[in-house]
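Residues per chain, in single letters:
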Amino acid sequence: MEAALEAILLVVDEPVAEVTLAQVLERPTHEVATALRGLAAEYTAAGRGFDLREVAGGWRFYTRADCAALVERFVRDGQQTRLTQAALETLAVVAYRQPVSRARVAAVRGVNSDGVMRTLVARGLVEEAGTDPESQAVLYRTSSYFLERLGLRDLSELPELAPFLPDDVENLEETTK
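Not measured: the values here are computed from a predicted model.

## Structural notes on helix α7 (residues 114-122)
Counting along an α-helix, one turn takes 3.6 residues, and residues three or four places apart therefore face a common direction.
Now for step 1: For α7, the full list of buried residues reads Val116, Met117 and Leu120. The arc that holds every buried residue of α7, seen down its axis, measures 100°, which confines them to one face.
Now for step 2: Contact partners of the buried residues in α7: α5 (85-97), α6 (102-109), β4 (126-131) and β5 (138-142).
Now for step 3: Residue Gly124 follows α7 closely and has a positive phi angle near 80°.

As structure tokens, then:
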């Protein structure tokens, strides 16, 4: 079963859920889960250049952190594709307030965020999440790719926002209304 799991996980481009792997392999989910955890531990113990991790509700191979700089240099060949400060701010608003409309993001940031939202959607970090019943505005949420890139299983693993807020956040909210 381990060889079959490795073969499947080598060709996926997003994390695969244990239940999906169990269905494909026609094995009980608990057996697949045990095998995945065993493989992950084996790769870590052997100090391999890759890791098997559970993120965004599934399993996938990743480059081991020690090798990240080399892989990044190889893949990007010197190109930088970092997010701008505006994109990071917008992504944070979406992550903590989702589902959220573009207008609400703009209100929180204090500037128009339409172009930044389009960039985040194009990069697959943010996706549409339906429409607001009252305003009919399109709502946005973070994608599973967002979770994957941050190495999170789900949104509950986001750090608490409270330590980063100003002490007088209540007064700040009132003055912006």
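## Let's talk about the nonpolar core
Now for step 1: If you look at the biggest cluster of nonpolar residues, it comprises 18 residues, and the most contacted ones within it are Leu91, Val94, Leu120, Val126 and Phe146.
Now for step 2: Broken down by secondary-structure element, the contributors of at least two residues to this core are α5, α7 and α8 (144-150).
Now for step 3: A total of 5 residues in this core trace back to one element, the largest contributor, which is α5.
Now for step 4: Excluding residues that lie within four positions of it along the chain, Val94 makes contacts with Val100, Val105, Met117, Val126, Tyr140, Arg141 and Thr142.
Now for step 5: Judged by nonpolar contacts, the second largest core, of 15 residues, contains Leu9, Val16, Ala22 and Leu52.

Parameters and conventions
- Residues numbered from 1 in each chain as written.
- Predicted model: local features only at pLDDT ≥ 70, side-chain atom pairs only at ≥ 80, totals over all residues.
- Heavy atoms only, no water.
- Buried < 20%, exposed > 50% of the residue type's maximum accessible area, 1.4 Å probe, protein only.
- Helix = DSSP H or I, 4+ residues; strand = E, 2+ residues; numbered from the N terminus.
- Arc of directions from axis to C-beta.
- Contact = heavy atoms within 4.5 Å.
- Core = buried A, V, L, I, M, F, W, Y, C linked by side-chain atoms within 4.5 Å.

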